Structures are given as C-alpha cells and as structure tokens.
Amino acid sequence: MSYPYQIKSLDEYHDAYKKSISDPAKFWAAIAENFLWKKKWNNVLSWNFTGENAPQIKWFEGAKLNITENCLDRHLKDSADVPALIWEPNDPKENSVTLTYKQLHEKVCAFANVLKNNGVKKGDRICIYMGMIPELAIAVLSCARIGAIHSVVFGGFSAQSIADRINDAACNLVITCDGAHRGAKAIPLKPIIDDALLQCTSVKKVIVYSRTHTPVAMMKDRDVWWEDEIKKVEAQGKTDCPAEEMDAEDPLFILYTSGSTGKPKGVVHTTAGYMIYTTYTFVNVFNYQPDEIYFCTADIGWVTGHSYIVYGPLAAGATSMMFEGIPTYPDAGRFWDITDKFKVNILYTAPTAIRALMAHGLDFVKDKKLDSLRVLGSVGEPINEEAWQWFYKNIGKEKCPIVDTWWQTETGGILISAIAGVTKLKPSYATLPLPGIQPAIMDEKGNEISGNDVSGNLCIKFPWPGMLRTTWGDHERCRKTYFDAYPGYYFTGDGCLRDENGYYRITGRVDDVLNVSGHRIGTAEVENAINKHTNVVESAVVGFPHDIKGQGIYAFVITEKQNGDAELTKKDILETVTRIIGPIAKPDKIQFVKGLPKTRSGKIMRRILRKIAEGETENLGDISTLLDPAVVEEIKREKV
Ligand code: PRX
C-alpha cells in the first residue's frame, strides 16, 4: 500500500489543512479516491447542524461499498501474506497467533456465513461481548461483511448493562465466549450473557466461542458453539462470502457511551465517512510505514479498538497487534516484552497504563531493548507532564515522538493531535487540529472566542467524515446532547485552552462525565446504581484526582438507617454498582452524609462536593444560597 495523502512535513500539513478548510468536499473526495467503491458518490457532503431534525450529515451520498472489501479483499492482490493481525495471549507461555490478510479474509468469510446460517440479515443488530481474542475482530468484520450492525459491549459491563444495550438496539443475536483471561483471573462471560438474556426477548441466537474451557449452560434452540458452526459452513463448502453492498450512510456500528444523563447513548457511525476518516488519521497521525508493526493496547470494547485496532489499520493494510491481557501480568514489564518480542514500531496506549507502570519502577524496563520503537501514542484522557516525560525518556529513549491524540466515541477518529515526526511536540498538549477539523472555543455567553492564548468550551464548527450521525433510536437526543448548547456547532463536552501558538490543550470534561482509567462514566449513572440499594435515600457522585486512574469516583450517600455495620453497607453499595453497571464504575470512596448541599430549588450543588472531594476546605465559593449551609460543615468534617 502507498499513501499518497500521507503528510511528510509541516509545510505539507499547513497546505493540507488550508485546502481542507477552503474546499472540504474537494479535499475529502481526493482522499476517497484511494478506496475501493462498488459505486462512486453523487455528492461529497450535505449537512445541517441546526433545525428541528438536526443534525443531518451525509458524506459521499449515493456511493456503494463494503468496508471489509477495503479492509481485506483489496489487500489480497499484493499483500495476501502480510500479517493483518498479530495476537498475543494473556499467558506469555501460550503461542501468539498471526493472521495474514489472506487468512483473516478466509476467517471473516467463514464466520459471516455462520451468521447467515443463523438467520442474520443486513441491518440486524448484533451484540458482541467477548474478550480480546482474534475472534472478536473476526466477529466485528463478519457483521460488516454482511451489513449487520455490531454493538460491541466491553467485557467489564454487568448483565444489567448488557441487557439495557441489547434492548435499546433490539439485537437479535449475541456473540460471546465461555470466558475471558485477564491477568490471573478467568472472567465468566457466557454466564453474564445468560443473566442479561433473562431480560431480552429480541435475542434468538447466541454464538459461543470457547476460550477458557470453563463450564457454561448451553440452551437448546438458542445457543450454538462457534467452532461447530464453522465446521458446518466448511461442510457446506461455503468458503467465500460476497460482501454485501452498503450505502455510504448505512450504519456500520453502534457503540454505547456515557453522558450526563443516567442512560448511555448508542452512538451511531456509518460506513464510508468513518472508513475514510479512520484510515486517513491512522496513516497520518502515526506516520505508518508499510510493514511496520503497530500495537494499540486498547480493548475493542471501546472506540479506540474499533477505529485503531480494526478498521483504520486494516483499511491501510497495516499489521495491527491485539493483546488479550493486562499491562501488569505476569509482571509490569509485559508491554515492553511484547514490544521486543514482535519488534513493535508504533505503540499506542493510555495515560492510566503509563502511570500504573511508572508506579512499578524502572526495574521492569531496564533490561528491555525497546529499540524497534519509532512512534508512541496516548489516548483517552489528558496526559500529565510527569507521565509524558517518563514515557518519552524511558520507553521512547528520547527518540520517539509522542502523539497525544484527542478524540471521542462520537468523533469516530482522532481530531486534534500531533502528526508523528512532523508537528513540534509540547508535553500535555494535543497540539493542532488535523486537516478537516475546525475547532472553536466558546465563552460563557456562547460566543466563539477568536485569537490565541484563550480558554473555554471546545466545539467543532464543521462536519468531518468520521463524526456520529445520530444516537440509536432517538435522533432528538443526539441533537439535544451535542448540537443544542451552541447552535451551529458540535459541542464536545470538553474544556480546552489554545496557547499563544494555536496549540490545543484539553483540560477535561466540563459536564457530569468522569474519566476513570480512560473509561467514560456518567455521574448520574453511578448515582442511579447506588440509589438502587435498599438502604440508600439519595446520593451524589463526583470525581477527584487519582494518581493512577486520572480520576477516581467519590460518592456522598444518605442512608435510611445508620445503625448497622457501615463498612458492610459500603461493600453492599459497591456490589450494587457492580451488578447494575459493572466493576469499572465502583466508587473509590464512599462517605455517608446526613444531607447534601442543595439550592432552595432542590438542585445538588456539585461544585461544592467536587471541591470537598478534591481536598479543598476553604474556598468553597458562595454557600449562602444553600437550603441548609450547615450540611457543608458536616461533610467537610467527615471527609474520607
Ligand atoms: O474528555 C476527553 C477524553 O476522553 C473523552 C472521550 O472519551 P471516549 O468517548 O470514551 O473516547 C476515548 C477514546 C478516544 C473526551 O471527551 N480524552 C480522550 N482523549 C484525550 C482526552 N482528554 C485529553 N487528551 C486526550 N488525548
């Protein structure tokens, strides 16, 4: 593969950026020419961010394609034997797996036929709940092959969360595993699906891949084994599976993500624009060179895995690594062992992982070569200067640029980031917008602030091909959430500053969304879960700075009865949150309180609670408007 659109110098970046702004349609059409189409588009872009039915965004209208032909088939001519996926298991003693483009193509065709044999049709929604094994990527691509819409649910979510997601999208089939290996633990997945399905009537079939060989209940007429189904298609001679013709704007996937309200939203991405945007940004941000080994440590359960393990790299014909385990198993040198074992050239990871490994000390780094590394990347949360420097010095040996990539589930791909080897770096700054991205910083009155050395809320004022199109089943919610706060703009929910050179620094969420170890969690979701506990009257959840996780979860809880065992009640609350959302949303701290600081109209003053959770006791701001200012004193006194 060659990438005629790859940016090689700062001048080329400025030139591409200018062109992308002056004539976006021409700019993106030229990039789209590098992809495989069944039919080309009639119109590059039509859009509207305002009005009753907003947003209306269509890229490459009239075009027909299948994304898997771009990710697989078109590489078969020249790169059939190039590794597409390299998989490293949780246990370093187990063999790794390499799938060339030819082998991955075969596996995707076979499993796509399994889906068809099990009644899946174009437009059906398929829930995927699996560990990080090659079959997860195969399942995702197989859905895309036949035009089914995948909804991957991260393995850390509970049965209740899965049921909510399945029901919201009315999925009719689930793909899962018996269990997943994560460090020293084997996590049951199928039993969690079984619990979820007690609440889901839409699901008719469950396909189970056996990974951990742990016992599972297989329900007659509903559950089938992946391996048996593959044997069936082989016996039927169904080795090929023609790619379904998809419209440019047909949905490719749904991915649920948290916002300021209690219920996660199903972010919908469509086919052509998403494909072009993820590929373009992958090739440029990481400066990917053919034959390089690229390792993204994310989980395919999150958007980073969708865009930068599966679709972007594969459409670029790259070699993409998948890792089943965790950074600290069997020890805190695992990422570096993998890097040396496979001679990884590009490593893309998260600040929380860097901080966790940093805390284990340099003993786990000192004997590693790490000389294959050329580019490092960071994603998911603001990277603090200390972690940046540690990563730069000890892993990159001061030779590898770190691209701090800012983006979101909703944006589909990276929007603000340095381009490796091109953009001058500045620690903890995402730096400059990529071509096609028009950021805007808004002031408190809702006006755009021009010039540099300014800060405010971050919006984007022009569509880019990878952006979300709607939220599943509720378009109005999409409008209200992202296009209402600043009419005519997409609102990101993040605060940011632009320095004197026009570099962007993302300062974090300005809404009630937490970023815990790079996992996005709504405070309202956690409160709803806590409030389900029988002894809880009310709760308020805020974030606080956490050395490893970035943010921790602090819950202030009012209980009905206070005469029991407080420690046990805390554990019960944690168990409740685990049941309702999943272990990733468990509060780090719980403080029992008699009252919450409320305004006279009954609104909880989170600003005050946030300050207390952060350890601030003096400057809490004006508390005179509170219904009962005395509760603040009590909360301060009993802070945990
Ligand atoms: O607050 C920003 C933060 O993560 C949020 C998006 O989370 P999610 O949709 O789960 O996607 C994460 C992976 C793309 C953003 O609103 N965020 C993400 N990347 C960065 C970041 N904050 C600062 N710097 C980043 N590089």
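Residues numbered from 1 in each chain as written. Predicted model: local features only at pLDDT ≥ 70, side-chain atom pairs only at ≥ 80, totals over all residues. Heavy atoms only, no water.

Strands sit in the order β5-β4-β17-β16-β18-β19-β20 across an open sheet of 7 strands; the sheet is mixed. One side of each edge strand has no neighbouring strand; the edge strands of this open sheet are β5 (97-100) and β20 (402-405). Adjacent strand axes in the sheet meet at a mean angle of 20 degrees, parallel and antiparallel pairs treated alike. Note: strand β16 (residues 293-296) against strand β17 (residues 319-323), 3 bridges, orientation parallel. Directly across from phenylalanine 295, in β17, lies its bridge partner methionine 321. Lying over the sheet, helix α5 (residues 101-117) contacts β4 (83-88) and β5, oriented at roughly 85 degrees with respect to β5. (Pairing = 2+ DSSP bridges. Helix = DSSP H or I, 4+ residues; strand = E, 2+ residues; numbered from the N terminus. Axes fitted to C-alpha atoms, helices over the stretch in contact; angles between N-to-C directions. Contact = heavy atoms within 4.5 Å.)

Our next topic: the domain arrangement of the protein. Annotation of the protein at the domain level lists domain 1 (328-401) and domain 2 (513-637). One C-alpha centre belongs to domain 1, the other to domain 2; they are set 34 Å apart. With 6 residues of domain 1 in contact, the opposing surface of domain 2 contributes 7 residues. In this assembly, domain 1 packs against domain 2 so that about 490 Å² is buried in total across both faces, 49% of it on carbon and sulfur atoms. Taken as a group, Thr352, Arg355 and Glu381 account for 69% of the area that domain 1 buries against domain 2, more than any other trio of residues on that side. Across the contact surface, domain 1 and domain 2 share 0 salt bridges. (Domains from an automatic or database assignment. Buried area = accessible area lost by both parts, 1.4 Å probe. Salt bridge = Lys/Arg side-chain N within 4 Å of Asp/Glu carboxyl O.)

Looking at the ligand, there are 16 residues lining it, with Asp404, Thr405, Thr409, Asp494 and Arg520 nearest. Residue arginine 520 places a side-chain N or O atom 2.6 Å away from an oxygen atom belonging to the ligand. When isolated, the ligand has an accessible area of 540 Å², and the protein chains bury 96% of it. Mapped by element, the contributors of at least two residues to the shell around the ligand are β20 and β26 (504-509). Of the residues belonging to the shell around the ligand, the class tally is 5 nonpolar, 6 polar and 5 charged. (Near = heavy atom within 4 Å. Polar contact = N/O pair within 3.5 Å; in protein donor to acceptor, adjacent residues only side chain to side chain. Areas by Shrake-Rupley, 256 points an atom, 1.4 Å probe, with all protein chains shown as cover. Nonpolar A, V, L, I, M, F, W, Y, C, P; charged D, E, K, R; others polar.)

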